[in-house]
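A closer look at the structure
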Amino acid sequence: MPIKIALFASGSGSNAENIANYHSKSSVFEFPLIISNKADAYVHERAKKLQIPSFTFPREVFLAGDEIITLLKEYEIDYIVLAGFLLKIPTSLVEAYPNKIINIHPALLPKFGGKGMYGQHVHQAVADAGEIESGITIHYVNGNYDEGNIIFQAKCPVLPTDTPDMIAEKVHALEYEHFPRIISELWG
Ligand code: GAR
């Protein structure tokens, strides 16, 4: 029986698409649904192209936890991958999927993590701090932002002349390279 993974994404969803494409020829994983908290997120367009049903849970409904858990159980979801998902995961969902939810963060945790640290905010903070390197962190999700056990990190150099957009590009390249592979190593 294939392992069923739900992909969660709040915005563009390029990581979600990359993961689904990478594993599309495998019989190990299935991606039966994509969840977003934004009805107008571009990830819904990607979901259509991938022929994966996508659902929107407004913030309050998502944070209440019950409806999302019911949907995930209906689809017999085994694991959850946060691929650019910006809401905190409610405790009830963490408890329903213990050590079965992973997140990708676009920096080297524990630096540049926590509430408000997402997407461009992270890359801006890295540039402002004059860091000489950044990277990605894949970690388990617990009840606090960006604090679960770290599974994998990869680094890229940051030059003094790099803009936040340039850092984002390097970090995205690392995400595309490693995230789908780490999913296989963990659960395949
Ligand atoms: C990714 O860079 C991901 O690491 C980041 O959002 C981006 C989503 O891009 N996640 C966070 O900042 C979580 N704190 P995408 O929608 O194109 O995959």
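Residues numbered from 1 in each chain as written. Predicted model: local features only at pLDDT ≥ 70, side-chain atom pairs only at ≥ 80, totals over all residues. Heavy atoms only, no water.

1. Side note on the site of the ligand
Quick reminder of the rule: For this description, a residue counts as near a given molecule or strand if any of its non-hydrogen atoms is within 4 Å of it. Polar contact criterion, stated in full: a pair of N or O atoms within 3.5 Å, where within protein one must be able to donate a hydrogen and the other to accept it, and residues adjacent in sequence count only if both atoms are side-chain atoms. Using a 1.4 Å probe, the Shrake-Rupley method yields the accessible areas, and only the shown protein chains count as cover for residues. Gly is put with the polar residues, along with every residue not named as nonpolar or charged; the nonpolar set is Ala, Val, Leu, Ile, Met, Phe, Trp, Tyr, Cys and Pro, and the charged set is Asp, Glu, Lys and Arg.
Taken together, 13 residues lie near the ligand, and G13, S14, N15, G119 and E175 sit nearest. One nitrogen or oxygen atom from the side chain of H105 is found 3.4 Å from a nitrogen atom belonging to the ligand. Take H172: an N or O atom from its side chain is 3.3 Å from an oxygen atom of the ligand. In isolation the ligand exposes 450 Å². Once the protein is present, 90% of that is buried. The class makeup of the residues in the shell around the ligand is four nonpolar, eight polar and one charged.

2. Quick look at the side chain of E131
Quick note on the threshold: Helical segments are the DSSP runs of H or I of at least four residues, strand segments are the runs of E of at least two, and each set is numbered from the N terminus. We call two residues contacting when some pair of their heavy atoms lies within 4.5 Å.
Note that E131 resides in the loop between α6 (119-128) and β6 (133-140). In this structure the side chain of E131 is engaged in a polar contact, spanning 3.0 Å, whose partner is the side chain of K111. Look past the residues within four positions of E131 in its chain and what remains in contact with it is K111, F112, V126 and V158.

3. A word on the nonpolar core
Formally: What we call a nonpolar core is a set of buried Ala, Val, Leu, Ile, Met, Phe, Trp, Tyr and Cys residues that are connected through their side-chain atoms within 4.5 Å. Only protein chains enter the area calculation, which uses a 1.4 Å probe; residues under 20% of their type maximum are buried, those over 50% are exposed, and those in between are partly exposed.
Among the nonpolar cores identified, the biggest contains 38 residues, and I5, L7, I19, V81, F179, I183 and W187 are the most heavily contacted of them. Counting residues per element, this core draws most heavily on helix α7 (residues 164-187), at seven residues. With residues near it in sequence (within four places) discarded, I5 still touches F29, E30, F31, P32, L33, I77, Y79, V81, I183 and W187. Counting residues in hydrophobic clusters, the runner-up holds 21 residues, among them F62, L72, I77 and I89.

4. Side note on the pattern of salt bridges
Quick note on the threshold: Think of a salt bridge as a Lys or Arg side-chain nitrogen and an Asp or Glu carboxyl oxygen that are within 4 Å of each other.
A complete count under the given rule lists eight salt bridges for this structure. The residue R46 makes a salt bridge to E17 at a minimum N-O spacing of 2.6 Å. Highlighted residues: R46 in helix α2 (residues 43-50) and E17 in helix α1 (residues 14-22), separated in sequence by 29 residues. Accessibility expressed as a relative area gives 12% for E17, which makes it buried. Put simply, K48 and E45 hold a salt bridge, and the shortest N to O gap is 3.5 Å. Of the two residues, K48 and E45 both sit in helix α2, three residues apart, roughly one turn of that helix. The exposure class of K48 is exposed, given its relative accessible area of 59%. The class for E45 is partly exposed, based on a relative accessible area of 39%. The network of salt bridges with common partners includes E17, R46 and K49.

5. Examining the packing of α6 against α7
Let me state the cut-off plainly: Axis angles are defined between N-to-C directions and span 0 to 180 degrees, where every axis is a line fitted to C-alpha atoms and, for a helix, only to the segment in contact. Comment on the angle field: the value is read as roughly parallel under 35 degrees, roughly antiparallel over 145, roughly perpendicular from 65 to 115, and oblique elsewhere. Less than a right angle of anticlockwise turn of the near helix away from the far helix marks a crossing as left-handed, whereas a clockwise turn marks it as right-handed.
Where α6 contacts α7, the axes come no closer than 8 Å and their chain directions differ by 115°. By the criterion of interaxial angle, the relationship of α6 to α7 is roughly perpendicular. Handedness of the α6/α7 crossing: right-handed. For the pair α6 and α7, contact is made by Q120, H123, Q124, V126 and A127 and by P164, D165, I167, A168 and V171, respectively. A breakdown of the residues in the contact of α6 with α7 according to their chemical character gives six nonpolar, three polar and one charged.

6. Remarks on the environment of F31
Considering the arrangement of structural elements, one finds F31 in strand β2 (residues 29-36). In this structure, the C-alpha to C-alpha distance between F31 and K4, residues 27 residues apart in sequence, is 5.9 Å. Sequence-distant contacts of F31, that is, excluding residues within four places in its chain, are made with I5, L7, I19, A20, H23 and I52.

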